[in-house]
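# Descriptive analysis of the structure
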2 protein chains.
Amino acid sequence: MSHIPVPPPNTAAEVDERCRTAGRAAPALAALPPADRAALLDRLADTLRSHEQEIVTLADTETSLGRARLTGELHRTAGQLELFAGALRDGGVLDVIIDAPDPAAQPAPRPGLRRWLVPIGPVAVFSASNFPLAFSVLGGDTASALAAGCPVVVKAHSGHPRLSDLVAGLATEVLPSGVLAVVHGREAGIRLVGHPDIAAVGFTGSVAGGRALFDLAAARPDPIPFYGELGSVNPVVVTPAASAARAGELISGFVNSFTLGNGQFCTKPGLLFLPRGHGWEDRLATAVAAVPAAPMLGPWICAGFAEARDRLAATAGVRLLAGDTKPRSGDDPTLTGPALFATSAADFAGNPAMADEAFGPAALVVEYASEQELKRVLATLPGSLTATLHADAAAEKALACRLLTLLSGKAGRVVWGGWPTGVAVAWATQHGGPWPAATPSTHTGVGVTAMRRFQRPVSFQGLPDELLPEALRDANPWHLARRVDGVPARPEPATAAGPR
Amino acid sequence: MSHIPVPPPNTAAEVDERCRTAGRAAPALAALPPADRAALLDRLADTLRSHEQEIVTLADTETSLGRARLTGELHRTAGQLELFAGALRDGGVLDVIIDAPDPAAQPAPRPGLRRWLVPIGPVAVFSASNFPLAFSVLGGDTASALAAGCPVVVKAHSGHPRLSDLVAGLATEVLPSGVLAVVHGREAGIRLVGHPDIAAVGFTGSVAGGRALFDLAAARPDPIPFYGELGSVNPVVVTPAASAARAGELISGFVNSFTLGNGQFCTKPGLLFLPRGHGWEDRLATAVAAVPAAPMLGPWICAGFAEARDRLAATAGVRLLAGDTKPRSGDDPTLTGPALFATSAADFAGNPAMADEAFGPAALVVEYASEQELKRVLATLPGSLTATLHADAAAEKALACRLLTLLSGKAGRVVWGGWPTGVAVAWATQHGGPWPAATPSTHTGVGVTAMRRFQRPVSFQGLPDELLPEALRDANPWHLARRVDGVPARPEPATAAGPR
């Protein structure tokens, strides 16, 4: 498929026109009942599945991620659209709250209020390099924005521009006109964030890129919410008991996790805290040496990783435990192998740059001398998407509680006894965390509640029932779970309910 | 009480120390079970009520709002604290979601996830001039932050600094040490927004002041959420049928609403859209003339209002319908009377500055010639906290639907057949709206869901039950309503549930 030309950057006029079109499409999309929006999402999922071969082939051409991984990602992306469809049919995501009037309220009578969540308006989505389907044109940001009822203009990632056009083309056959568009080029992305028709931004990428776009969104005459997933170092802590009891299993698990997808996961564990005297060096080196060099997503990722890795290698107090700091093969500079470094907690504490994310197959072992030193160092960490603890729940219960409290202050997802790579897409998913993992930390980029980023509450006071949105009417025609007079109320089942 | 000295501005070192203290107090407050946080809020309410005389007297000295209004506001403020206490006992505000593991999930097995909302950390609250109790030291921002489990550092408003210290002093007798502090002075406020221990900001005030602080929050190395309520013009639309049928009632209702509290409400209706040829001029003039001049909150408010009013008076196409553009009494320059202006929709459309908020007793009648012209002008309005419609539900149903759709795109609260002044504090309250009414538009500053501004989701993966927060354990010891495997689940009643 390499004969398909790479799409050129869009002009400012083209970006403006796509934003205006999205603005014009917004009211009709907002007015669709949730079941109809759900049907659109299901059709998008079907479209992805029915074009699996074509999509996976082009994705592999552009990203080198391999057919197996990309096929899995395609089904994950389809499943994600269907999860949002299910959430819309459930309707709890509309968060309907109804308070009856209270003429006896003190100090003043209280009018009746009926509140729900409406779409915020057109959303700009900046897709990621490392998930060309699940965090791209029909990925989580787009799925949650469409579910919320917002048109989307996607800034395609330059790592898979033709795939972006292919997926957008398939999607626009299913969606109402104007609801989804793609733009290409760095300048197009900047224009997008400043366009008056854009009401919010979803972003997945680097700290530098995300920060620049965040600043643009905040500097608008009318600032708009910017939901960014930027950078995450994903600490893993191993306690003395776990280190002693489960070294073999933890070594293979850790090396597998930090080299998975050649380290190109936002949840890659970049820091491993081990008790001093762990004695894991040789086995870590052996495990790392067994990981083959592999292609990275593109030359710019390759170069960025080499720079971050080499900076770490050159840092005072850091030693190479295992792996490469140069390409193994002089023949193919696109192949990159893993590298594992080590330092002491004392050196780590003295150099905050050691906690910067290196996007690729590198990680740093930090050796701590005592619980006190471990906690002191953990307290200085920047925010992460995840934090992981390996401990002995029985023998170290109090220690585990203290560490879990500390780690949950630093991350959106706390993993016990497992590994952070792999993000389950579910109702309870939290993919976010304190800066720079995400901004703001109050929302998630993945999972059902990601919709909430693109919803705005509106409350109606004193409206006649027949003028209210269906979701708020007495008869509850959409059969929503609602909170009424402060108490959660389940609807009658759809089959049994009739007009009343 | 004028013998109490005005507190001096705090030094940078004092601000830093109060922020650090709040940071140190955060973990223990976060760890309190919701019922214990509820008890603290109830005790704060009791404290306000039991010091009513002292508080109201000092508040009246500093704000001239009058004992009746201030007494009502005190009880409203106490009731607001109790509403959050009730919401904590209900527990739905913790938004617990539990997904069991799914080993059969495709394309990969899914781990179990348990998610809830935790406090974001210390919150800086900038209190308002016009509600020295309900939007001040123990007002809605503080109540929602404490309910969420966040310590608070309040930037006291310079309009009621001694009252702020009085209320803070009473509150600190009830609250755990370090959980609430007050700072004074403009520089102290700036320092507060930049302090590393502050995790979010709540603000009520002017567009200029709010924008400056928003910019500071966004420019931090680690940007933090800024929840501001800035400025709102609160349009009221009267349709031809309503204008013809209910002129007398609407004229007195409107004049009462825009002059209530001498126009010093954020929900004051500043724009009244009337069909051309309404014939209301004489009766509007009579009603406005009957409103006595009254003191404003302070000389700076008085001066700001005079400037905004006189700018409007001098605008091409604007004519004075009724009232004053100068103080009525040469003796007392602090007394200000109402002023009502009129213009055509065509002139209004040509000059966006006419939609700027004038904080005080002024309003502008905008006369429209047709539905088309009305809708065109409404579409250009900035965001507001409220939008109000007076129409005939039977004879104008289709028109009303079209206007309600348009108005709900411009405001957080849509009022039918009433007036926007007066904010009910309830579950379904929405006090916010598109810029510049609030930023971001995705949250409310008043009502139970205001808590959500200061909460951050955390998800736990794979934890043994005994290491989970109580809210997430199988036995549900706090008897919370939770969403389990995608389905809302009511707990067993507290009396019937035991350990299992």
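Below you will find a few notes about this structure. (Residues numbered from 1 in each chain as written. Chains lettered and ligands numbered in written order. Predicted model: local features only at pLDDT ≥ 70, side-chain atom pairs only at ≥ 80, totals over all residues.)

### Brief notes about the relation of the copies chain A and chain B
Once chain A has been moved 0.0 Å along the axis and rotated by 180 degrees, it coincides with chain B to within an RMSD of 0.0 Å. The transformation just described matches what one would write down for a two-fold rotation axis. Among all residues of chain A, the minimum C-alpha distance to the rotation axis is found for A:Ala218, at 3.3 Å. A share of 100% of interface residues in chain A that are also interface residues in chain B marks the association as one of identical surfaces. (Least-squares fit on C-alpha atoms with pLDDT ≥ 70 in both. Contact = placed C-beta atoms within 7 Å.)

### Structural notes on the interface of chain A and chain B
Taken residue by residue, the interface counts 64 residues in chain A and 64 residues in chain B. Residue assignment for the side of chain A that touches chain B shows that the elements contributing at least two residues are helix H4 (67-90), strand S1 (97-99), strand S2 (113-119), helix H8 (207-219), helix H15 (397-408), strand S16 (411-416) and strand S18 (455-461) of chain A. Among the elements that take part in the side of chain A that touches chain B, S18(A) stands out by supplying seven residues, more than any other. Grouping the constituent residues of the side of chain A that touches chain B by class yields 33 nonpolar, 21 polar and ten charged. Across three bridges, the pairing between S16(A) and strand S18 (residues 455-461) of chain B is parallel. (Helix = DSSP H or I, 4+ residues; strand = E, 2+ residues; numbered from the N terminus. Nonpolar A, V, L, I, M, F, W, Y, C, P; charged D, E, K, R; others polar. Pairing = 2+ DSSP bridges.)

### Section: the sheet that holds strand S5 (residues 180-183) of chain A
Residues and elements named next belong to chain A. With respect to topology, six strands assemble into an open sheet ordered S5-S4-S3-S6-S7-S17, the strand pairing being mixed. Each having just a single partner strand, S5 and strand S17 (438-439) make up the two edges of the open sheet. Pairing geometry for strand S4 (residues 152-155) and S5, over four bridges, is parallel. When the sheet's bridge partners are listed, Val152 is paired in S5 with Leu180. This element, helix H6 (residues 161-174), spans S4 and S5 of the sheet and lies at about 165 degrees to S5. Each of strand S3 (123-126), S4, S5 and strand S6 (200-204) touches helix H7 (residues 186-194); the most contacted strand, S4, lies at about 150 degrees to it. (Axes fitted to C-alpha atoms, helices over the stretch in contact; angles between N-to-C directions.)

### Brief notes about the environment of A:Leu480
Residue and element names in this part refer to chain A. Structurally, the position occupied by Leu480 is in the loop between S18 and strand S19 (482-484). Judged by C-beta crowding, with 21 C-beta atoms within 10 Å, Leu480 ranks as buried. Linking Leu480 and Ala208, residues 272 residues apart in sequence, is a C-alpha distance of 42 Å. (Buried ≥ 20, exposed ≤ 12 C-beta atoms within 10 Å, placed from the backbone.)

### Considering the nonpolar core
One broad rule of soluble globular proteins: the nonpolar side chains tend to lie buried together. Judged by nonpolar contacts, the single largest core of 329 residues is most densely connected at A:Leu41, A:Phe84, B:Leu41 and B:Phe84. Excluding anything up to four places from it in sequence, B:Phe84 contacts B:Leu41, B:Ala143, B:Ser144, B:Ala147, B:Val448 and B:Met451. (Core = buried A, V, L, I, M, F, W, Y, C linked by C-beta atoms within 7 Å.)

### Concerning helix H3 (residues 52-63) of chain A
Residue and element names in this part refer to chain A. Between the first and last C-alpha of H3 there are 16 Å, a value that for twelve residues agrees with the 16 Å anticipated at 1.5 Å per step. If you check which residues of H3 are buried, you get Ile55, Val56, Leu58, Ala59, Glu62 and Thr63. Residues of H3 that are buried in the fold lie against helix H2 (34-50), H4 and H6. Count one or two residues on from H3 and you reach Ser64, which has phi positive near 60 degrees. (Expected span 1.5 Å × (residues − 1).)

### With respect to unusual backbone geometry
Here the bond from A:Thr439 into A:Pro440 is cis, since omega is -10 degrees, no more than 30 degrees from zero. Counting through the fold element by element, A:Pro440 comes out in the loop between S17 and S18. Look at the link from B:Trp435 to B:Pro436: it is a cis peptide, with omega at 5 degrees. For B:Pro436, the location among the structural elements is in the loop between strand S16 (411-416) and strand S17 (438-439). Of note, the phi angle at B:His479 is positive, near 55 degrees, even though the residue is not glycine. Inspection of the secondary structure assignment puts B:His479 in the loop between S18 and strand S19 (482-484).

### Focus: the packing of H7(A) against H8(A)
Residues and elements named next belong to chain A. At a minimum axis distance of 8 Å, the contact between H7 and H8 shows a crossing angle of 35 degrees. For the crossing formed where H7 meets H8, the hand is right-handed. Side by side, H7 and H8 meet where Ile190, Val193 and Gly194 of the first sit next to Leu213, Leu216 and Ala217 of the second. Residue composition of the contact of H7 with H8, by class: five nonpolar, one polar and no charged. (Left-handed = near helix turned anticlockwise from the far one by under 90°.)

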